[in-house]
Each structure stands twice: as structure tokens, then as C-alpha cells.
Amino acid sequence: MAKTSKKNTDTNGANLGFEAQLWLAADKLRNNMEPSSYKHIALGLIFLKHISDSFEAKHAELLAEYPEGAEDPDEYRAENVFWVPKDARWSHLQDTAKQPGIGQRIDEAMLAIEAENPSLKGVLPKEYARPQLSATMLGELIDLISGIALGEEPGQARDILGRVYEYFLGAFASNEGKRGGEFYTPRSVVRVLVELLEPFPTPNLGIQGRVYDPCCGSGGMFVQAERFLATHGGRVGDIAVYGQESNYTTWRLCKMNLAVRGIDADIRWNAEGSFHKDELPDLRADFILANPPFNISDWGGDKLREDARWTFGTPPAGNANFGWLQHIHHHLSPNGTAGVVLANGSMSSTQSGEGAIRQAMVEADVVDCMIALPGQLFYSTQIPACLWFLARNKNPDPKGAAAGLRDRRGRVLFIDARKLGALVDRTRREFSDEDVARIARTYHAWRGEPDASDYADEPGFCKSATLEEIRGHGHVLTPGRYVGAAAVEDDGVPFPEKFAELRAKLETQLAEGEKLGAVIREKLDGVVVDG
């Protein structure tokens, strides 16, 4: 059902606040260091500050209530707080930030924390003692991070550090351009996915709240899902988070990102990736959110010709798009739903059997909704993109007793969102809160959710199409084909009158053009050309 937000405290990156000011200060300290290297330096320190603050809050609590347990690691682990050895605590590093050897002390702190907390093994950066790294810069960066959330209550301070970590991830992705897109999906795109799927457990429909991302990057889908829960009266523990990532460096960013947000997750890494070494083969997730790399041609598809995941046809060896869609469909629970970002070509391509796979998916009625996105939303590519929403069961509540969802079998919702969003800088666009809400309201109304308004087609924006209509378009799923043109508001002026007005305006402009042409010729006649 459409979830009612208690209080929407979320913001898009376009809304500059203290995070942006902090970023500007931190970026200034970077000097000539590459953003891809500085990223690990800055994010590692923010993470260290976060877990140290959490530790200190629990430490103070124990000193007041149970002093003999204040230095007992088990007291902290019992409440999911990382144990931080004395020399690794932020206060110690802050006190010695301007003394020689600060890089070495940070590396030793990271090693000590990993040794005491097995879930962080191999996750933390340990490159602060490099000779190329300025000790002065490190000291100033520690001072800057020490001031984050200074004076705030412990719970509020940890939330602020989590927001800073996420903001910095997005800022680094923007600075790194194409490479940034490999570990970060723009937040407004993630919000559309999460707001439509509403990853909330619904036990009476057998939906337990298992959330999965097979190419999870830095974990932005999970962070947004947690935020959705928090703003709708849920708790972090209401969902179970699973993910896989093939890039080791990105996997480490993800582990820290989720730990900062207090999200307990099962995030696996292997270099082979989800296609060739599926770490969670038995997982059937209730919600899958994914932004796989677009149009990968060297994904090794020729080695997976007989794979059981290819329910709708073997994907071409030269493009992984329909491999991702079928991998995701394979992992859906009986009433599960998925939202996937893909290149626009997936909606219409007929090359190498892709058209036949798309046709099979449509005829099997697993496509729930298609959304065309505006350009310039992504850091990594200017390729136009779209959102696929898949559903294992489009009539999960036949008696209408559980969630009241209507029977959507035989229909697909098309939304053309290409005119939404606004530029937030010279090259990048974002959806506003209103844009995200409009898209989500449309989908929820179409699903017939109890608290949603009645659904109606809106020319130029949305259309509920039958399978017969989709067959008429050769199983092409481009929303623009279905939603048509937006209705033009009738201004009440008769056409002959409007035509005469337009013609008069044109005649005036033509006359002005002729005058301007004469002036230009006169000026040219006066030009003396030597030689």
C-alpha cells in the first residue's frame, strides 16, 4: 500500500547545506591529489570518527551504569557497537594530529580495529603512512572532521556523520566522472526506485522485506531503503539486506557506508561477479534494486549458454542487459518486485535475439512498469536510460484482503518522465522531490493501493497499456509510443483568428529580417579589402 511518510527529512543533492560546505573545505585540502585516491583518505577518516563516536557514547553509558564493563569488548558487541582499542580512538588521534607519525598512527588504528572486529576485516583503508601523503594535510583533515556534529547528542551526531559520508560519496562520484558512476547511483534515481517499490515487509502477502542488489556499488540502494523505512515508521531491522559486488575497492566503500548507517547486511565480494559466481544462489528477494553497468559486451556470456537463469531466452554474448534482467527475475520471491536501471536500447533493441527475450518477458506478464528518464541524470554516461519494474505476481492479493492491490495482469504501466528534473550544474540533472512524488503517486494509483488516488491515463505522461496494444507495437516498450502527446490546453481563441495573428507576426519578422539584411549589405559595401 502507499506508505504515508511521518516526516520527509530527505533532500536531494541540489539542496546545499552544511555537507556541501564541509565538502568544499575538505576538497580544498586535497590540493593536487587525485579524487580517486583522496576519496579513501577522507571517507576512511569519517568512518573512523563515526565508529569511535558510537564507541565513546556506549563507553560513557557503561561508566555511568556498569563501570566494570566499560573496557569489555563483549558489552559493545552485544549491542552491535564496534569495539575500538584505546590507541585507535578518535580522541587519541585528534590529540596527536599535528605530531610526526600521524599517518602511521592512523594505519595502526585501522589495523587494530579490523583485528578486533572480524566483520571489518579487509575493509578499512591503510594507506595514510605513504610518503606522498602530506602529514599537514592529514592533521588539518582530522581537525575538520573533528568538528562534524560537535556538541550534538550521540544519536544525532552519528546520523550527521552518516549524511556526510553519503554526501562525500556523491561528491567524489561527481569529481571522478565516468569512474564515479561505477560505485554511485545518483540519489534522485535511487529515490524513484525505492519510492515505487516501497521496501516494507507485508507478512500477510508473504513479503518478508528481503532486499537485494546483485551489483550493489557503494550500497546507495540499501541506504535509501533504510531511509524510506525510517520515514514511514519502520526500523532498520525490518528489512534483511543482501548484496554482491565484483570490485573489491567498491565493496569496501559499501561495507563502510552501511556500517555508518547502522545497517546490518550480507554483502559478498568476488572478482567473478554475479553472473559467473552467484554468491547467493538460493536467495529469493522481495525487493531487488539494481543499476547494473550498461551494455557490457565482455561479460563472458558465451560461457553461460545453458544457465538456468535464462527463463526467457539466452542473452546475447555481446550485451549483458537481458542477462541482468533475467538474473534479477530469477532471484525474485513469489510476490517479489524489482526496479532496474538500464540503457534505453533495452526497450527496443531487436539485435542478437534481444527482441525475442523482451517479447517473452512481456507475454509472461513479468513487466510491471516502464519509465523513460530524462538525459544527464548519471555521472558515468550520457546514454539515455530507463527504469524497468518487474513483478513475479501481478495479482498477489486476489481476495483484496491483505494489501488491496488490484489485478494488474495483462497490463503494463508506461510513464514518460523525460520532461521532469532540472539541471543542478552544467552537466547533471536531478529529479526534485515533487518529481519523485508524482512518479510514485502514478504507480501506486495504478496498482490500486488503498491510500492512493484513482488512476487515470495522462496524455504525454502515463498510459496503462494492454498486452494487445504492446503486441501492436512489436513488443517495443518505449513509453513515448504509448503515452502519446500531452494535451494542449484550449485557450478559447478560434483557429482562423489565431492563424491570422500568427501570420501577421511572421510577416513582421520577415520584414525586419529584410531590413537587417539591407543594413548588413550596406556595411559590407563599405569594407575596404587591401590586396
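These numbers were taken from a predicted model, which means no experiment stands behind them. Every residue gets a number counted from 1 within its own chain, in the order that chain's sequence is written. Totals for whole chains, interfaces and linings use all residues, but because this is a predicted model, local features are given only for residues with pLDDT of at least 70 and pairs of side-chain atoms are given and counted only at 80 or more. Excluding hydrogens and water, the side-chain values take into account all heavy atoms of the structure.

Novice: I'd like a description of the overall build of the chain, backed by residues and values.
Specialist: Across its full length, the chain holds 17 helices and 11 strands. C-alpha extents for the chain along the principal axes are approximately 90 × 80 × 50 Å. A 1.4 Å probe and the Shrake-Rupley method give the accessible areas. Residues count as covered only by the protein chains that appear here. Roughly 24400 Å² of accessible area belongs to the chain as shown, and the carbon and sulfur atoms make up 50% of that amount. The way it works is that DSSP assigns letters per residue, a run of H or I at least four long becomes a helix, a run of E at least two long becomes a strand, and they are numbered from the N terminus.

Novice: Outline the UniProt feature "domain: N6 adenine-specific DNA methyltransferase N-terminal" (unreviewed entry) in the chain, listing residues and values.
Specialist: UniProt positions are given in the numbering used here, feature names are shortened, and annotations may be inferred rather than shown by experiment. With numbering aligned to this structure, UniProt lists the feature "domain: N6 adenine-specific DNA methyltransferase N-terminal" (unreviewed entry) at residues 19-144. Segment residues 19-144 splits into 63% helix and 0% strand. End C-alpha atoms: 12 Å apart.

Novice: Summarise the pattern of salt bridges; cite the residues concerned and give the values.
Specialist: Each reported salt bridge corresponds to a side-chain nitrogen of Lys or Arg within 4 Å of a carboxyl oxygen of Asp or Glu. A full pass over the atoms with the stated rule returns 31 salt bridges. One continuous salt-bridge network, built from bridges that share partners, spans Lys 58, Glu 61 and Glu 79.

Novice: Can you break down helix 1 (residues 18-30) residue by residue, with the values?
Specialist: Structurally, the α-helix is built with 3.6 residues per turn, so residues lying three or four positions apart point the same way. By this rule, a helix spans an expected 1.5 Å times one less than how many residues it contains. Its 13 residues give helix 1 an end-to-end C-alpha distance of 19 Å, which sits within 8% of 18 Å, the value for a rise of 1.5 Å per residue. Backbone geometry just downstream of helix 1 places Asn 31 in the positive-phi region, at approximately 55 degrees.

Novice: How would you sum up helix 14 (residues 433-447)? Please name residues and give values.
Specialist: Spanning 15 residues, helix 14 covers 21 Å between terminal C-alpha atoms, matching the ideal 21 Å at 1.5 Å per step. The buried label applies to any residue whose accessible area, calculated with a 1.4 Å probe on protein chains only, is under 20% of its type's maximum; exposed applies above 50%, and partly exposed to all values in between. All of the buried residues in helix 14 are Asp 435, Val 436, Ile 439, Ala 440, Thr 442, Tyr 443, His 444, Ala 445, Trp 446 and Arg 447. Looking at the packing, one finds that the buried side of helix 14 touches helix 8 (187-197), strand 5 (332-343), strand 6 (367-372), strand 8 (411-416) and strand 11 (462-466). Residue Gly 448 follows helix 14 closely and has a positive phi angle near 75 degrees. Throughout, a residue-residue contact means that at least one pair of heavy atoms, one from each residue, lies within 4.5 Å.

Novice: Hey, could you go over the confidence of the model for the chain for me, with residue numbers and the actual values?
Specialist: Known as pLDDT, the predictor's confidence for each residue is given on a scale from 0 to 100. Scored by pLDDT, the chain comes out at a mean of 89, with 93% of its residues at no less than 70. Taken together, the stretch residues 6-16 has pLDDT below 50 and engages in 25 contacts with residues farther than four places along the chain or on a different chain.

Novice: So what's going on with the nonpolar core? Which residues, and what values?
Specialist: Definition of nonpolar core: a set of buried residues of the types Ala, Val, Leu, Ile, Met, Phe, Trp, Tyr and Cys, connected through side-chain atoms within 4.5 Å. Judged by nonpolar contacts, the single largest core of 110 residues is most densely connected at Tyr 38, Leu 141, Ile 371 and Ile 439. The source of the domain bounds is an automatic or database domain assignment. Taken domain by domain, this core gets at least three of its residues from each of domain 1 (19-176) and domain 2 (187-481). By size, the runner-up hydrophobic cluster in this structure holds 39 residues, among which are Leu 280, Trp 299, Ile 357 and Val 483.

Novice: Hey, could you go over the packing of helix 2 (residues 35-65) against helix 6 (residues 135-146) for me, with residue numbers and the actual values?
Specialist: Helix axes are fitted only over the stretch in contact, all axes being lines through C-alpha atoms; the angle between N-to-C directions runs from 0 to 180 degrees. Between helix 2 and helix 6, the shortest axis-to-axis distance is 10 Å and the interhelical angle comes to 45 degrees. Accordingly, the angle class assigned to the pair helix 2 and helix 6 is oblique. As for the relative orientation of helix 2 and helix 6, their crossing is right-handed in sense. Mapping the contact onto sequence places Tyr 38, Ile 41, Ala 42, Leu 45, Ile 46 and Lys 49 in helix 2 and Met 137, Leu 138, Leu 141, Ile 142, Ile 145 and Ser 146 in helix 6. Among the residues making up the contact of helix 2 with helix 6, the classes are represented as 10 nonpolar, 1 polar and 1 charged. The cut-offs work like this: below 35 degrees is roughly parallel, past 145 is roughly antiparallel, 65 to 115 is roughly perpendicular, and the gaps in between are oblique. Each crossing is labelled by how the near helix is turned from the far one, with a counterclockwise turn of less than a right angle marking it left-handed and a clockwise turn marking it right-handed. Here the term charged refers only to Asp, Glu, Lys and Arg, the term nonpolar to Ala, Val, Leu, Ile, Met, Phe, Trp, Tyr, Cys and Pro, and the term polar to all other amino acids, Gly among them.

Novice: So, the sheet that holds strand 2 (residues 240-245): which residues are in play, and what are the values?
Specialist: The 9 strands lie next to each other as 3-2-1-4-5-7-6-8-11, forming an open sheet whose pairing is mixed. The open sheet terminates on both sides in strands that have one partner only, identified here as strand 3 (265-269) and strand 11. The mean angle between the axes of side-by-side strands here comes to 15 degrees, regardless of whether they run parallel or antiparallel. In this structure, strand 1 (residues 210-213) lies alongside strand 4 (residues 285-290), joined through 2 bridges in parallel fashion. If you follow Tyr 212 over to strand 4, its bridge partner there is Ile 288. Across the sheet, helix 10 (residues 248-260) lies against strand 2 and strand 3, angled at about 170 degrees from strand 3, the strand it touches most. Against the sheet, helix 12 (residues 321-330) makes contact with strand 1, strand 4, strand 5 and strand 7 (385-391), and its axis sits at roughly 160 degrees relative to strand 5, the strand it touches most. Following DSSP output, two strands are said to pair if at least two bridges run between them.

Novice: Help me get a handle on the side chain of Arg 358, residues and values and all.
Specialist: Residue position: Arg 358 is located in helix 13 (residues 354-363). One buried charged side chain, Arg 358, makes no salt bridge at all; its nearest oppositely charged neighbour is Glu 354, positioned 5.9 Å away. Side-chain polar atoms of Arg 358 contact the backbone oxygen of Ser 346, separated by 3.1 Å. Here Arg 358 is in contact with Phe 322, Ser 346, Met 347, Ser 348, Ser 349, Thr 350, Trp 388, His 475, Val 476 and Leu 477, once residues within four sequence places are set aside. Charge convention: Lys and Arg are scored as positive, Asp and Glu as negative, and His as well as the terminal groups of each chain are ignored. Think of a polar contact as two N or O atoms within 3.5 Å of one another; within protein, one of them needs to be a possible hydrogen donor and the other a possible acceptor, and neighboring residues in sequence only count if both atoms come from side chains.

Novice: Summarise the packing of aromatic side chains; cite the residues concerned and give the values.
Specialist: Planes of paired rings set the category: under 30 degrees apart is stacked, over 60 is edge-to-face and the rest tilted, where pairs are Phe, Tyr or Trp rings (Trp by its six-membered ring) whose centres lie within 6.5 Å. Following the criterion strictly, the structure yields 20 aromatic pairs and no others. Centre to centre, the rings of Phe 389 and Tyr 443 are 5.9 Å apart; their planes meet at 35 degrees, and the pair counts as tilted. Note that Phe 389 is positioned in strand 7 and Tyr 443 in helix 14, a separation of 54 residues in sequence. Neither residue differs from the other here; Phe 389 and Tyr 443 are each classed as buried. Grouped by ring-pair contacts, the aromatic residues Trp 23, Tyr 38, Phe 168 and Phe 172 constitute a single cluster. In our convention, an over-ring charge means Lys NZ or Arg CZ found within 6 Å of a ring centre and within 35 degrees of that ring's normal. Directly above the ring of Trp 83 sits Arg 89, whose terminal nitrogen or CZ lies 5.6 Å from the centroid. Of note, Arg 438 hangs over the ring of Phe 461, and the distance from its end group to the ring centre comes to 3.8 Å.

Novice: If you had to explain the domain arrangement of the chain to someone new, which residues and values would you point to?
Specialist: Here the chain is described as being made up of domain 1 (19-176) and domain 2 (187-481). Look at where the C-alpha atoms of domain 1 and domain 2 centre, and you get two points 34 Å apart. Between domain 1 and domain 2, the contact holds 24 residues from the first and 17 residues from the second. Buried area: the sum, over both parts, of the accessible surface (1.4 Å probe) that disappears when the two are put together. Interface area, domain 1 with domain 2, both sides summed: about 1700 Å², of which 60% is carbon and sulfur. The largest share of the area that domain 1 buries against domain 2 comes from Val 123, Tyr 165 and Glu 166, three residues that together contribute 32% of it. On inspection of domain 1 and its partner domain 2, the count reaches 2 salt bridges. With its nearest N and O atoms 2.7 Å apart, the salt bridge here joins Arg 227 to Glu 166. The tally of links from domain 1 across to domain 2 stands at 7 residue pairs in polar contact (both at pLDDT 80 or more). When contributions to the side of domain 1 that touches domain 2 are tallied by element, the ones reaching two or more residues are helix 2 and helix 7 (154-176). The greatest single-element share of the side of domain 1 that touches domain 2, amounting to 10 residues, is contributed by helix 7. Taken together, the residues of the side of domain 1 that touches domain 2 break down into 10 nonpolar, 8 polar and 6 charged.

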